[in-house]
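Survey of secondary and tertiary structure
Chain by chain, the residues:
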Amino acid sequence: MEEFEASASAKKTKTIYISTVFGIAMVLLMVGLLGLILVHANNLSRYVKENIVLNIFMDDSAHETDVLQLQKQLDANPMVKQTQYVSKELAARNLQKDLGEDFVKFLGYNPLSQSLDVYLKADYANNAGIDKFKAELLKNKLVKEVKYQQSLVDQMNANITSISLIIVVFAGIFVILSVALINNTIRLAIYSQRFLIKSMQLVGATKGFIRKPFLLYGLWHGLLGALIAIVILVGTLYFANQQIPDLVILQSPVEFGFVFLGVIAIGIFISGFSTFLAVNKFLRLKIYDLYR
């Protein structure tokens with residue numbers, strides 16, 4: 001009979017621990033998904049900003065060698081991500097494709113100017129940064145005009161700010177809910193062991209001695225739950241890349257590594273801290289309160 005009760009108790013404890021691990025894993029999965037969404041949203045914002053083009057049109061008297069020299073200077077500028085030289089002939093071919101007719105043959109000459117297409121780094125892709133960069137360029141005698149879509153930049157930055165604010169608020173709420181859910185899961189698991197905790201205390205075990213195995217189990221459950229969540233996250237990323245191949249341009253293994261490390265850290269910390277609080281609660285309870 002005693003062996004049967006011991007076996008039944010062991011199975012019950014094992015079931016509780018398994019459900020606790022998977023409960024933690026599901027919450028951490030949601031946290032990880034939110035982290036991946038934040039990474040993709042940030043990289044999408046950066047990608048859009050760095051694809052805003054500034055068209056720098058050169059003076060008709062500028063020689064190609066001088067323009068190429070200016071291009072080298074711009075490439076060395078910390079604000080610039082990349083540049084592209086557009087000769088008069090290439091500009092004419094591009095416009096002919098857009099118009100669908102040979103305007104050079106019709107006019108008898110090529111009226112277009114050679115130019116440089118400049119793409120700024122994301123941190124400078126705003127109207128303040130662009131206007132400062134534009135003012136510096138116009139001081140150069142080779143530069144005749146600098147054009148970019150100012151209204152597009154305004155709208156893009158406004159939309160990115162609004163979306164970022166919404167995501168940050170949502171992330172904050174979600175993290176708080178995640179902490180509460182993991183804490184409740186741990187508390188329920190420890191609640192099932194309250195009589196064991198009190199029995200150990202009654203036979204003279206110190207609080208530290210009683211607390212230690214529960215904390216170790218709590219940390220282990222947090223780590224195991226985080227690893228399960230990461231495996232599912234990797235599978236989700238793989239599936240998403242199969243369905244949307246262009247997602248690759250928004251992904252960074254380093255940033256994903258930080259997200260996964262964050263999931264592990266959150267799982268271990270919250271699980272360990274919640275276990276510590278729950279065990280302390282039952283250590284302070286009187287015997288008659290255990291039945292409430």
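Up top is the structure these notes are about.
Reference entry: report on the structure contained in this document. Only a predicted model underlies this, so the values are computations on that prediction, with no experimental measurement involved. (Residues numbered from 1 in each chain as written. Predicted model: local features only at pLDDT ≥ 70, side-chain atom pairs only at ≥ 80, totals over all residues. Heavy atoms only, no water.)

A closer look at empty space enclosed by the protein
- For the structure shown, the criterion picks out 2 cavities of 30 Å³ or more.
- Considered as a void within the structure, the largest cavity measures approximately 80 Å³ in volume.
- Forming the walls of the largest cavity are Tyr17, Thr20, Ile186, Ala189, Ile190, Gln193, Phe214, Tyr217, Gly218, His221 and Thr275.
- Contributing elements (two or more residues each) for the lining of the largest cavity: α1 (2-49), α6 (150-191) and α8 (207-243).
- Here the element with the most residues in the lining of the largest cavity is α8; it accounts for 4 residues.
- Class assignment for the residues of the lining of the largest cavity results in 6 nonpolar, 5 polar and no charged.
- Estimated volume of the second largest cavity: approximately 40 Å³.
- Considering the residues around the second largest cavity, the lining is formed by Val31, Val175, Ser178, Val179, Ile266 and Ile270.
- When residues of the lining of the second largest cavity are traced back to their parent elements, those giving at least two are α6 and α9 (253-284).
- The element best represented in the lining of the second largest cavity is α6, accounting for 3 residues.
- Residues of the lining of the second largest cavity, tallied by class, amount to 5 nonpolar, 1 polar and no charged. (1 Å grid on protein atoms, 1.4 Å probe; cavity = no way out; pocket = protein on both sides within 12 Å on 5 of 7 lines; lining within 4 Å. Points joined across faces, edges and corners; volume = space filled by probe spheres on them. Helix = DSSP H or I, 4+ residues; strand = E, 2+ residues; numbered from the N terminus. Nonpolar A, V, L, I, M, F, W, Y, C, P; charged D, E, K, R; others polar.)

Observations regarding the layout of surface pockets
- Of the pockets and cavities examined, the largest pocket occupies roughly 340 Å³.
- Lining the largest pocket are 17 residues, and of these Ala41, Asn42, Ser45, Ile160 and Ser164 sit closest to its centre.
- Contributing elements (two or more residues each) for the lining of the largest pocket: α1 and α6.
- Counting residues per element, the lining of the largest pocket draws most heavily on α1, at 8 residues.
- Among the residues making up the lining of the largest pocket, the classes are represented as 10 nonpolar, 4 polar and 3 charged.
- The space that makes up the second largest pocket amounts to roughly 200 Å³.
- In terms of lining residues, the second largest pocket is bounded by 11 residues, among which Phe57, Val86, Ala91, Leu112 and Ser115 are the most central.

Quick look at the nonpolar core
- The biggest cluster of nonpolar side chains holds 28 residues, and the ones touching the most others in it are Leu28, Ile182, Ile190, Ile197 and Phe260.
- Mapped by element, the contributors of at least two residues to this core are α1, α6, α7 (194-202), α8 and α9.
- Counting residues per element, this core draws most heavily on α9, which supplies 10 residues.
- Beyond its immediate sequence surroundings of up to four residues, Ile197 is in contact with Ile190, Ile210, Phe214, Phe282 and Leu283.
- By size, the runner-up hydrophobic cluster in this structure holds 24 residues, among which are Ile52, Leu74, Tyr85 and Tyr148. (Core = buried A, V, L, I, M, F, W, Y, C linked by side-chain atoms within 4.5 Å. Buried < 20%, exposed > 50% of the residue type's maximum accessible area, 1.4 Å probe, protein only. Contact = heavy atoms within 4.5 Å.)

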